[in-house]
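# Remarks on the overall topology
Each chain, written out:
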Amino acid sequence: MKVKVINGPNLNMLGIREPEVYGKATYKDLVEFIEQASKAFSMECDIFQSNHEGDIVTEIQNCLGVYDGIVINPAAYTHTSVAILDALKAVSLPTVEVHISDVDSREEFRKFSYVSLYAEKVIKGKGFEGYKEALGYLADKFGS
Ligand code: DQA
């Protein structure tokens, strides 16, 4: 099976941004972690990161007919983006939403997620391991 992992704004700043919240590991470390995890599940996996909402919408649209599932950390767009929700609904692929931090135990505005209105599974507060859990969920679903 083939999975697209999409990371939203400021995740490229991992290791620098708020290490007390997101840890000291860098975005490059995250990419390596996801690549290793996908190999362990014998999946094909492509990873994309953008700071731009429209680019994320286009990337989701381009998944149609190419990928079997999506793992997405929409970052701040989680809490604001109807456009990303609509793109996910449009392509209608199995989607797992991941957050490195526990968004429910942070500011009030982080508790609502547009993407959760579509995602079939949401993983919060498990650090990088959340991405592995998300890939494992899709692998189990498709018996990769
Ligand atoms: C995040 C949580 C969001 O609230 C925040 O805006 C992020 C990262 C997380 O992975 O914990 O940028 O999605």
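Everything that follows concerns the structure shown earlier in this document.
Residues numbered from 1 in each chain as written. Predicted model: local features only at pLDDT ≥ 70, side-chain atom pairs only at ≥ 80, totals over all residues. Heavy atoms only, no water.

## Some details on the overall build of the protein
What counts, and what does not: A run of H or I in DSSP becomes a helix once it reaches four residues, and a run of E becomes a strand once it reaches two; helices and strands are each numbered from the N terminus. The quantity called the radius of gyration is restricted to C-alpha atoms. Its globule counterpart is 2.2 Å times the number of residues to the power 0.38. Each residue gets one of three labels from its accessible area relative to the maximum for its type: buried under 20%, exposed over 50%, partly exposed in between, using a 1.4 Å probe on protein chains only. Shrake-Rupley sampling with a 1.4 Å probe provides the accessible areas, and residues are treated as covered by the protein chains on show and by no other component.
Counting secondary structure elements, the protein contains 5 helices and 5 strands. Here the protein has a C-alpha radius of gyration of 14 Å; the compact-globule value for 144 residues is 15 Å, and the two agree. Overall, the C-alpha framework of the protein stretches about 35 × 30 × 25 Å when taken along its three principal axes. Counting across all 144 residues of the protein, residues that qualify as buried make up 47%. Of the roughly 6800 Å² of accessible surface on the protein, a fraction of 49% belongs to carbon and sulfur atoms.

## Some remarks on the packing of aromatic side chains
Cut-off, in case you're wondering: Between the rings of Phe, Tyr and Trp (Trp by its six-membered ring), a pair exists once the centres lie within 6.5 Å; its type follows the angle of the planes, with under 30 degrees stacked, over 60 edge-to-face, and the other angles tilted. Any Lys NZ or Arg CZ that is within 6 Å of a ring centre and within 35 degrees of that ring's normal is treated as a charge sitting over the ring.
Summed over the entire model, instances satisfying the criterion amount to 2 aromatic pairs. For the pair Phe112 and Tyr114, a centre-to-centre distance of 4.8 Å together with 85° between the ring planes defines the contact as edge-to-face. The class for Tyr114 is partly exposed, based on a relative accessible area of 25%. In this arrangement the basic side chain of Lys2 is found over the ring face of Tyr67, its NZ or CZ atom lying 5.1 Å from the centre.

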